[in-house]
Amino acid sequence: MERPAVVLENDQAVYDFYLRHQQNRQVARLAYAALARRFKPRLSYPDGAREELRRLVYDDARLIIAINHLTETDPYTVAATAWSSPLRPVIGRTRVLAKDELFQESKQRRRIDMMGGIPVFRGKNHGMRAVSAAGNRMMDISAERMRRGDDLAIFPEGTCNLEDPTQVQKVGSGIGHIAVRARKLGVEPILVCIGLSYGPESTKLKSASVYIDAPIRDLPDKPIDIARVVSTGLQKAVDGAVAAY
């Protein structure tokens, strides 16, 4: 299957491709295992959360995994986390929303595609009006992939936090719209918030503190209300990661 150029003017072909694209799961697992050995995240959970997450994965529940965003290498920390946690079985069937510029260079694109990437054309780069139709297609594709059995991983802040890594930035309603669209397709997504901390100076990218909070099963009906739940849950997870560092 030929990979279309990931440019805004080509968004229809881009999302047609990522509706069908499936990475090699064995290759993905080998890559995630290698990243776990390299980055060595230190995981912590509240009481019962690890066991509940394991049950949800075993029961093939659909997960929306929300992670705070601190550095450009966060996806590698998250991949290492997936290998080292009850999320290991969903490697190779989790879609990861990633900014479109990560798909420009061919070698990097192969890595992003291997990790299950779906491009996001951001308003901050292209203008809100220009990305409106592409954004709707992206959300439809994400919801449809969930209906087909994939989970979804998102950095809902939308950009790296360069101000205060202990405080979650504004969470947009996009994650809520995806959850609502998935629900209309018969999926009941469950939210899992993951907090990352690289320490007080945020410079030690290996051995990150990662806090996986208890899954949230009952999400509100409206996208903006879901975004508020994500923001609150993500802040709790970040607080947990900072405290455990």
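Residues numbered from 1 in each chain as written. Predicted model: local features only at pLDDT ≥ 70, side-chain atom pairs only at ≥ 80, totals over all residues. Heavy atoms only, no water.

Undergrad: Whenever I open this one, the overall build of the chain confuses me. Can you help?
TA: Along its length, the chain carries nine helices and seven strands. Computed over its C-alpha atoms, the radius of gyration of the chain comes to 17 Å, within 12% of the 18 Å expected for a compact globule of 245 residues. Projected onto the principal axes, the alpha-carbon positions of the chain cover approximately 45 × 40 × 35 Å. With 245 residues in all, the chain has 56% of them scored as buried. For the chain, long-range pairs separated by at least 24 residues make up 77% of all intrachain contacts whose partners lie at least 6 apart in sequence. (Helix = DSSP H or I, 4+ residues; strand = E, 2+ residues; numbered from the N terminus. Rg over C-alpha atoms; globule rule 2.2 N^0.38 Å. Buried < 20%, exposed > 50% of the residue type's maximum accessible area, 1.4 Å probe, protein only. Contact = heavy atoms within 4.5 Å.)

Undergrad: Any chance you could explain the pattern of salt bridges here in plain terms?
TA: Charged atoms that come close allow side chains of opposite charge to pair. Going through the model one piece at a time under the given rule, you end up with 19 salt bridges. Each of D60, R62, R93 and D151 takes part in salt bridges that share partners, so that together they form one network. (Salt bridge = Lys/Arg side-chain N within 4 Å of Asp/Glu carboxyl O.)

Undergrad: Help me understand the side chain of D11 in this model?
TA: Position of D11 relative to the elements: it lies in helix α1 (residues 11-20). Leaving out residues up to four positions away in the same chain, D11 has contacts with F121, A134 and R137.

Undergrad: Could you clarify how one ought to interpret the environment of T81 in this entry?
TA: Inspection of the secondary structure puts T81 in helix α4 (residues 74-83). A relative accessible area of 1% means that T81 is categorised as buried. Separated by 153 residues in the primary sequence, T81 and L234 place their C-alpha atoms 16 Å from one another. The contact partners of T81, leaving out residues within four places of it in the chain, are P41, L43, V210 and I212.

Undergrad: Can you help me understand the packing of aromatic side chains in this one?
TA: To describe a pair of aromatic rings, you give the distance between the ring centres and the angle between the ring planes. Counted by the stated rule, this structure contains four aromatic pairs. When the ring of F17 is compared with that of Y18, the centres are 4.7 Å apart and the planes differ by 85°; the resulting orientation is edge-to-face. Take Y18: its relative accessible area is 1%, and that puts it in the buried class. Arranged with centres 5.8 Å apart and planes meeting at 75°, the rings of Y18 and F103 form a pair that is edge-to-face. Of the two residues, Y18 sits in helix α1 while F103 sits in the loop between β3 (94-99) and α5 (106-114), which places them 85 residues apart along the sequence. Each of the two residues, Y18 as well as F103, counts as buried. Among the aromatic residues, ring-to-ring pairing joins F17, Y18 and F103 into one connected group. The aromatic ring of Y245 is capped on one face by R42, whose charged end is 5.0 Å from the ring centroid. (Phe/Tyr/Trp six-rings, centres within 6.5 Å; stacked < 30°, edge-to-face > 60°. Lys NZ or Arg CZ within 6 Å of the ring centre and 35° of its normal.)

Undergrad: What is the right way to read the pairing of strand β4 (residues 117-120) from this model?
TA: The side chains of a regular strand alternate between the sheet's two faces. Side-chain alternation along β4 places G117 and P119 on one buried face and I118 and V120 on a second face that is also buried. Looking at chain direction, β3 and β4 are connected through four bridges and run parallel. Looking across to β4, one finds that K99 is bridged to V120. Between β3 and its parallel partner β4, the chain crosses via α5, and the hand of that crossover is right-handed. (Pairing = 2+ DSSP bridges. Right-handed = clockwise from strand over helix to strand, strands pointing away.)

Undergrad: Please clarify how the sheet that holds strand β6 (residues 190-197) should be interpreted in this entry.
TA: Sheet strands pair by backbone hydrogen bonding; their relative direction is either parallel or antiparallel. One open sheet accounts for seven strands, arranged β1-β7-β6-β2-β5-β3-β4; its pairing is mixed. Each having just a single partner strand, β1 (42-44) and β4 make up the two edges of the open sheet. For this sheet the average axis-to-axis angle between neighbouring strands, irrespective of direction, equals 25°. Of the strand pairs in this sheet, β1 and strand β7 (residues 209-212) are connected by three bridges, and their pairing is parallel. From the neighbouring strand, L43 faces β7, where its bridge partner is V210. Against the sheet, helix α7 (residues 128-147) engages β2 (63-67), β3, β4 and β5 (151-154), with an angle of about 160° to β4. (Axes fitted to C-alpha atoms, helices over the stretch in contact; angles between N-to-C directions.)

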